[in-house]
Amino acid sequence: MYSRRRFLRLPVAATVAGLIGPAVLVGCSDSSAPPSAKSGGGTLRYGAAVEPDSWDPHAASTAVTGRLLRPVLESLVSLAPDGTVKPWLAESWTVSPDGLTYTFTLRTGVTFSDGTPFDAAAVKANFDHITAPKTASKRAAGLLGPYKDTEVIDPRTVAVHLTAPHASLLNAVGSTFLGFHSPVALRDHVGDLSSGGPFVVGTGPFTFESVTPGQQAVFKRRPDYAWAPPTAAHQGQAKLESIVVLLLKEDASRVGALTSGQVDAAELIPANRLAGLRGQNGVQVVRKAVPGVPYTYYLNTARAPFDDLRARQAARHAIDFAGIVKGIFQSEYEQAWGPLAPSTPGADASLAKAWEFSKEKAERLLDEIGYTGRDSDGYRTKDGKRFTVEQPYVQTFVSAQNHTFDVGIQDALKQVGIELKLVPLDSAGSIGRTGKGDYDVFAFAWQGSDPSLLQSLYHSKSQFGGGGANGARVRDTQIDGWLDQAQATVDAGQRLELYRKVQRRIVEQAYSFPAYIATMDVAQHGKVSGLVLDVDANTDFYGIGVA
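Here's a quick rundown of the structure. Just so you know, these numbers come straight off a predicted model, no measurement behind them. (Residues numbered from 1 in each chain as written. Predicted model: local features only at pLDDT ≥ 70, side-chain atom pairs only at ≥ 80, totals over all residues. Heavy atoms only, no water.)

1. Section: the layout of surface pockets
A water-sized probe, rolled over the atoms, reveals where empty space remains. Rule in force here: Throughout, the protein atoms alone are placed on a 1 Å grid, and a set of points is a cavity if a 1.4 Å probe fits but cannot get out or a pocket if it is open with protein on both sides within 12 Å along at least five of seven lines; lining residues have an atom within 4 Å of a point. Grid points are joined across faces, edges and corners, and a volume is the space filled by probe spheres set on the points. Secondary structure elements are taken from DSSP: a helix is a run of H or I of four residues or more, a strand is a run of E of two residues or more, and numbering for both begins at the N terminus. Gly falls in the polar group here, along with every residue not listed as nonpolar (Ala, Val, Leu, Ile, Met, Phe, Trp, Tyr, Cys, Pro) or charged (Asp, Glu, Lys, Arg).
The calculated volume of the second largest pocket comes to roughly 500 Å³. Lining the second largest pocket are 29 residues; nearest its centre among them are A167, N171, D450, A492 and R495. Element by element, the count of residues in the lining of the second largest pocket is highest for helix 17 (residues 492-508), at 3 residues. Considered class by class, the residues forming the lining of the second largest pocket number 15 nonpolar, 8 polar and 6 charged.

2. Observations regarding the environment of R380
Using the following cut-off: With a 1.4 Å probe rolled over the protein chains alone, any residue whose accessible area is under 20% of its type maximum counts as buried; one over 50% counts as exposed, and the rest are partly exposed. Counted as a polar contact is a pair of N or O atoms within 3.5 Å, where, for protein atoms, one must be capable of donating a hydrogen and the other of accepting one, and residues adjacent in sequence contribute only when both atoms are in side chains.
Examined against the element boundaries, R380 turns out to sit in strand 16 (residues 380-382). By relative accessible area, R380 is classed as buried at 4%. A polar contact is formed between the side chain of R380 and the backbone oxygen of V416, at a distance of 3.2 Å.

3. Some points on the nonpolar core
Most often, soluble globular proteins keep nonpolar side chains buried together rather than apart. Note the following rule: As used here, the term nonpolar core means buried Ala, Val, Leu, Ile, Met, Phe, Trp, Tyr and Cys residues forming a set that is joined through side-chain atoms within 4.5 Å. The contact criterion used throughout is that any non-hydrogen atoms of two residues lie within 4.5 Å.
Membership of the largest hydrophobic core comes to 71 residues, with the highest contact counts inside it found for L76, F104, F118, F127 and F219. The biggest single contributor to this core is helix 4 (residues 120-131), with 5 residues. Contacts of F127, omitting those with residues within four sequence positions, involve L76, L144, Y147, T150, V160, V173, L178 and F180. Core analysis: the next-biggest nonpolar cluster, separate from the first, contains 44 residues, I324, A362, F387 and A445 among them.

4. Some remarks on the environment of G179
Looking at the element boundaries, G179 is found in the loop between helix 6 (169-172) and helix 7 (183-188). Once the C-alpha coordinates of G179 and F104 are considered, the two residues, 75 residues apart in sequence, prove to be 15 Å apart. Each residue touching G179, except ones within four places of it in the same chain, is listed here: H58, L73, E74, S75 and N126.

5. With respect to the pairing of strand 1 (residues 43-48)
As a reminder of what qualifies: Two strands qualify as a pair provided DSSP detects at least 2 bridges between them.
Of all 6 residues in strand 1, 6 are buried, a share of seventy percent or more. Alternating positions in strand 1 separate into two faces, T43, R45 and G47 on one and L44, Y46 and A48 on the other, with burial throughout. Two strands pair when backbone bridges link them, and strand 1 and strand 10 (residues 242-247) are joined in this way by 6 bridges, in the parallel orientation. Bridging from a neighbouring strand, A48 pairs with L247 of strand 10. Relative to strand 11 (residues 265-266), strand 1 runs parallel, the two sharing 2 bridges. When the bridges of strand 11 are listed, Y46 appears paired with A265.

Pasting the structure below:
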C-alpha cells in the first residue's frame, strides 16, 4: 500500500524521510544535479509523487515501490493488457489437480546484474525471504497466500507448495512485490535492501545505481539485458540510458518541475491541474483507469458506534459523495459505488446507485439508535455522550486531495450531528493504533488488477497487525466462505461470481464507503516517446525513449 490517491495509505508504512519541496527543487543548480540528469539524450527525468516506505518490495507496503523497481526486479510471469498471464522468467507452468503445487520451468540464460544465474535456487531464496518473520512483509507475503515452501527440483524447475488452494497465485507472481533479488544480495546485504541503491540487484533492464533519501533515485541501463517478456513493446536492452526519479510529493512541485522542463514526465497529476496541462503546447497526458480498490473509508465494525449497521448506514446516507467528488476533482473523476474500481476484473457494475444521499434517512437512523440529544455545538448525543468518531491518518503519506476529501466527509457528517476527528499520526503511531483496532474510520486505496485483493481487505483472518489490511475489522462468515471458495476454484466464471457476492455483501452491510474512481495521469513533454501504462496503471519504463 497508492500520492494524490495514496496507493497505498496503509497503517503499516515505515517512517519516510522528508520529501523534496518546491523551494528545494528550484534551488538545485545545474552543478548539483546528477551527471545523468545533465547529460540529457537517453535520460528520463521522472517526477514521482511518493517516496517508498522501503526499497525492498518484499517488505514494502507502498505501491510506488513496485512501480519504481519494475525496471530492476522481474517476475516469473507477465500480465498482458487484457489481464491474461504470459511467460517471463518462467517459460511454462503447471498446477496440480488439488491446486496445492505450482511447478515452474524457468527460462535459460537469465542472470542478475551481479552475474549470478537466475535459477530455481534463486526463486526459493526469494520466496523464503518474503515469508521469513524477520522480513515483516507487509504486502508480498499476502500475495503468496497460504505458502508452505519452495522445492528445487533441478536448476530449471521449481515447485511452490501451498497449504491450501490459492487461485490468484499465478497472477500474484507477476507482481514486482514477488520480484527477485540476487541470492548474493539476500545473503550478504539482506539488512540493507530497504535502503535501495546498489544493494538492490535484479535481473531487469536497469540497475539501481544510487538513492538520496527524500530527493532522488538513479537507475542505469544494463547493456546485456535480453529477456523481456512477450508483452513488451520491444526486445533487447532498454531504450533509455538512465532514469533519474525525482521524489516530489507536493503536487505543485511535480507540475512546476514538468512545466519548467526540470522533469520530462511526472505522475499523479492532480485533477485541478489536468485541464491546464492539456492545453499547454508540447505536453501530453497519458491516462489509464486505476484497477483495484478506490479511495475508501473503512468503518471499524468491531466497536461502537459502527458495530451497529444502522450507525454505518446513517453515516453513509449523510454524505453527498457525488457532490464532494465533483467539487474537489472538477469532473475529472466519478463517484465510486463498489469495493472494486470498475476497471478491475470482476467489479460488480450493478452496485451503482446502491444507496442514496439522504440527510432525512440519516437523521431517522440516528434517532433510532438513541442519538436524539444535541449538545451546544450541535452534535448528537446519547446519554449525554457525543457521537464522536476518529479517523487517524499518516501525515507522511496523505495527499492534499485526499485530505481535502476527508475534510469534506467531516463537514458532511457534521451536518447530521456526527463529529469526525481527523487525527494526524506518524507511521509508528498509526501502526500502533490500527494494529490494536483503536480507531473508528481508516481510509486508503489499493492498486491491483486481481479481485482477490478482497481477501486481504475483508477476510476475518486478514486483520491489521496480522499481515492483512481488513480496515473495517470485518468478521463475516458469509464473506469468509465466499472468499475461501474463490481461492479454491479454478473456474474463472465461478470465481468472479463469488467475488461479486462479496462486493454486494460489503455494500449491503455498509462495512466501507467507496469514495471516488481515480485514474493514473502521467504528463510528459513531446520529446518523450513510448510512455504507456501497464495493466496495473504503472509507468512502463522499459519502452520509453527520450529525443
